[in-house]
Amino acid sequence: MSSPYWSDFVQGLHPYVPGEQPKVQDLVKLNTNENPYPPSPNVLKAISDEAINALRLYPDPKNSALKKSLAKSFALNENQICLGNGSDEVLAFAFQGLLKHNKPVLFPAITYGFYTVYCGLYEIDYVELPLADDFSINLADYQRDNGGVIFPNPNAPTGIGKGLADIEGFIKGNPDSVVIVDEAYVDFGAESAASLIDRYPNLLVVQTLSKSRSLAGSRVGYALGNADLIEALERIKNSFNPYSIDRLAELAATASIEDVDYFNHCRQRIIATREWTVEQLQALDFDVLPSMANFVMVKPNSISAESLFTQLREHKILVRYFQKPRIEEYLRISIGTDEEMQALVAAIKSIL
Ligand SMILES: *Cc1c(COP(=O)(O)O)cnc(C)c1O
């Protein structure tokens, strides 16, 4: 599609295509890495009549309440935190504000699809570096001239994590440009680089409440980093939309961050369900990449990935299939409840 009213720029855009959000009833939805459990019960308590009445007012453009909670939980200052409408928006600020240099940005060839979309949107050069044979990220490959480096830890869609010592070594060896660690899935078993922020002025850590906090529908993400890096992001945010976190989202996010017990309980459950799922799939002759995330990347050895994807759909189970080099024989399966994963395993048994 095209229109004579469009700018040349829009004609050439390639937007991100999110995983399906179908309206089908009774679907087991394991395709977009959402959390199967509800948000903290304190979220509902925070949405009072008073909060609804206050919707007539603009939100606090600084979102001080949420920043205060995050600052406390990470032992950082509020000026080391930038909030956004989902971490996708925070990443957009970072691509525009910190990665726009005259040298290519580096990221893995198999990773989060939004990175190439943002490079297109902000006209940033990039180089995609291949994953190692075992699908891990080899940071030694990134030790070259660059306009910034970004990778998820753990990586998506592989689920493979990197150790903090490796990440720190890389940040130290790459002092001339920003290193962004996208920690969308870090709470399911990897170690956050947030503890390194006070030591490395070139480190930006991006996290989200969408996955481990069950708030994908509320759209809250944040960047943690040196105050100078954060100021760059705030400049973009305040030139674009100072109110990107609405009042209800701020209340929900604050209540969620402060409910540490519920958070730990949910993520431990997901990790336990993941380990069960891995054992079951391995017993069914699947190769399973070692996952530190709330999903597993798996290769069925007795059926093609595409055919299994299609047949699971007929069983009303939706997983993610990427028709891409090196992973065309893999499926990415989000970790749901125990019951959902039991249904998945039963469906696979009947298909095979
Ligand atoms: C899900 C995801 C995000 C974005 O999440 P938001 O919902 O926008 O906070 C960012 N990075 C990766 C790798 C993701 O998988």
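The shown structure was predicted, so the numbers you read here are calculated from the model rather than taken from an experiment.

Reading the values: rules and limits
- Residues numbered from 1 in each chain as written.
- Predicted model: local features only at pLDDT ≥ 70, side-chain atom pairs only at ≥ 80, totals over all residues.
- Heavy atoms only, no water.
- Pairing = 2+ DSSP bridges.
- Helix = DSSP H or I, 4+ residues; strand = E, 2+ residues; numbered from the N terminus.
- Axes fitted to C-alpha atoms, helices over the stretch in contact; angles between N-to-C directions.
- Polar contact = N/O pair within 3.5 Å; in protein donor to acceptor, adjacent residues only side chain to side chain.
- Contact = heavy atoms within 4.5 Å.
- Phe/Tyr/Trp six-rings, centres within 6.5 Å; stacked < 30°, edge-to-face > 60°.
- Buried < 20%, exposed > 50% of the residue type's maximum accessible area, 1.4 Å probe, protein only.
- Lys NZ or Arg CZ within 6 Å of the ring centre and 35° of its normal.
- Expected span 1.5 Å × (residues − 1).
- Domains from an automatic or database assignment.
- Buried area = accessible area lost by both parts, 1.4 Å probe.
- Salt bridge = Lys/Arg side-chain N within 4 Å of Asp/Glu carboxyl O.
- Near = heavy atom within 4 Å.
- 1 Å grid on protein atoms, 1.4 Å probe; cavity = no way out; pocket = protein on both sides within 12 Å on 5 of 7 lines; lining within 4 Å.
- Sits in = over half its atoms within 2 Å of the grid points.
- Nonpolar A, V, L, I, M, F, W, Y, C, P; charged D, E, K, R; others polar.
- Parallel < 35°, antiparallel > 145°, perpendicular 65-115°, else oblique.
- Left-handed = near helix turned anticlockwise from the far one by under 90°.

**Quick notes on the sheet that holds strand β10 (residues 295-300)**
Then comes step 1: One open sheet accounts for three strands, arranged β9-β10-β12; its pairing is antiparallel. A single partner strand is all that each edge strand has here, and the edge strands are β9 (286-288) and β12 (331-334). When the angles between neighbouring strand axes are averaged without regard to direction, this sheet yields 35°.
Then comes step 2: Where β10 and β12 come together, four bridges link them in antiparallel fashion. Its bridge partner lying in β12, Met297 is registered against Arg332.

**Details of the side chain of Asn294**
Then comes step 1: Position of Asn294 relative to the elements: it lies in the loop between β9 and β10.
Then comes step 2: In terms of polar contacts, Asn294 uses its side chain to reach the backbone carbonyl oxygen of Asn33, at 3.0 Å.
Then comes step 3: When neighbours within four sequence positions are excluded, Asn294 is seen to be in contact with Asn33, Glu34, Tyr185, Phe188, Lys211, Ile270, Ser334 and Ile335.

**Points about the packing of aromatic side chains**
Then comes step 1: Per the stated rule, a full pass over the model turns up 16 aromatic pairs.
Then comes step 2: Aromatic side chains Tyr112 and Tyr115 sit 5.7 Å apart centroid to centroid with 90° between the ring planes, which places their arrangement in the edge-to-face category. You'll find Tyr112 and Tyr115 in the same group, each marked buried.
Then comes step 3: The rings of Tyr16, Phe95, Phe107, Tyr112, Phe114, Tyr115, Tyr118, Tyr122 and Tyr126 are connected pair by pair, giving a single aromatic cluster.
Then comes step 4: Against the face of Phe263 rests Arg213, its NZ or CZ located 3.7 Å from the ring centre.

**Details of helix α8 (residues 227-240)**
Then comes step 1: For α8, built from 14 residues, the straight-helix expectation of 20 Å at 1.5 Å per residue is met to within 8% by its first-to-last C-alpha distance of 20 Å.
Then comes step 2: Between a side-chain oxygen at the N-terminus of α8 and the backbone nitrogen of Asp228 the separation is 2.9 Å; the capping residue is Asn226.

**Some thoughts on the domain arrangement of the protein**
Then comes step 1: Annotation of the protein at the domain level lists domain 1 (16-39 + 261-351) and domain 2 (43-258).
Then comes step 2: A C-alpha centroid distance of 25 Å is found between domain 1 and domain 2.
Then comes step 3: Contacts between the two partners involve 26 residues from domain 1 and, on the opposite side, 29 residues from domain 2.
Then comes step 4: Buried surface at the junction of domain 1 and domain 2, both sides included, amounts to about 2400 Å², of which 65% is carbon and sulfur.
Then comes step 5: If you sort the residues of domain 1 by the area they bury against domain 2, Tyr16, Met292 and Arg326 come out on top, with a joint share of 31%.
Then comes step 6: Counting across the interface, domain 1 meets domain 2 through zero salt bridges.

**Considering the site of the ligand**
Then comes step 1: Taken together, Gly86, Ser87, Asp88, Tyr112, Asp182, Ala184, Tyr185, Thr208, Ser210, Lys211 and Arg219 make up the full set of residues adjacent to the ligand.
Then comes step 2: At a separation of 2.7 Å, an oxygen atom of the ligand approaches a polar side-chain atom of Arg219.
Then comes step 3: At a threshold of 2 Å from the grid points, most atoms of the ligand map onto the largest pocket.
Then comes step 4: Residue contributions to the shell around the ligand peak at three residues, all from helix α5 (residues 86-97).
Then comes step 5: Tallied by class, residues from the shell around the ligand come to three nonpolar, four polar and four charged.

**Some words on the packing of α5 against α8**
Then comes step 1: The interhelical angle for the contact between α5 and α8, taken along N-to-C directions, is 110°, at an axis separation of 9 Å. Classed by the angle they form, the pair α5 and α8 counts as roughly perpendicular. As α5 runs across α8, the sense of the crossing is right-handed. Residue-level contacts link Glu89, Phe93, Ala94, Gln96 and Gly97 of α5 to Ala232, Leu233, Ile236, Lys237 and Phe240 of α8.
Then comes step 2: Taken together, the residues of the contact of α5 with α8 break down into six nonpolar, two polar and two charged.

**Describing the pattern of salt bridges**
Then comes step 1: Scanning the model with the defined rule gives eight salt bridges in all.
Then comes step 2: Where Arg219 meets Asp88, a salt bridge forms, and the shortest distance between an N and an O atom there is 4.0 Å. Of the two residues, Arg219 is situated in the loop between β7 (203-208) and β8 (221-225) and Asp88 in helix α5; the sequence distance between them amounts to 131 residues.
Then comes step 3: The shortest N-O distance in the salt bridge between Asp145 and Lys103 comes to 3.3 Å. Taken as a pair, Asp145 in the loop between β4 (126-129) and β5 (149-152) and Lys103 in the loop between α5 and β3 (105-108) lie far apart in primary sequence, 42 residues in all.
Then comes step 4: With relative accessibility at 57%, the residue Asp145 sits in the exposed group.
Then comes step 5: By relative accessible area, which is 34% here, Lys103 ends up partly exposed.

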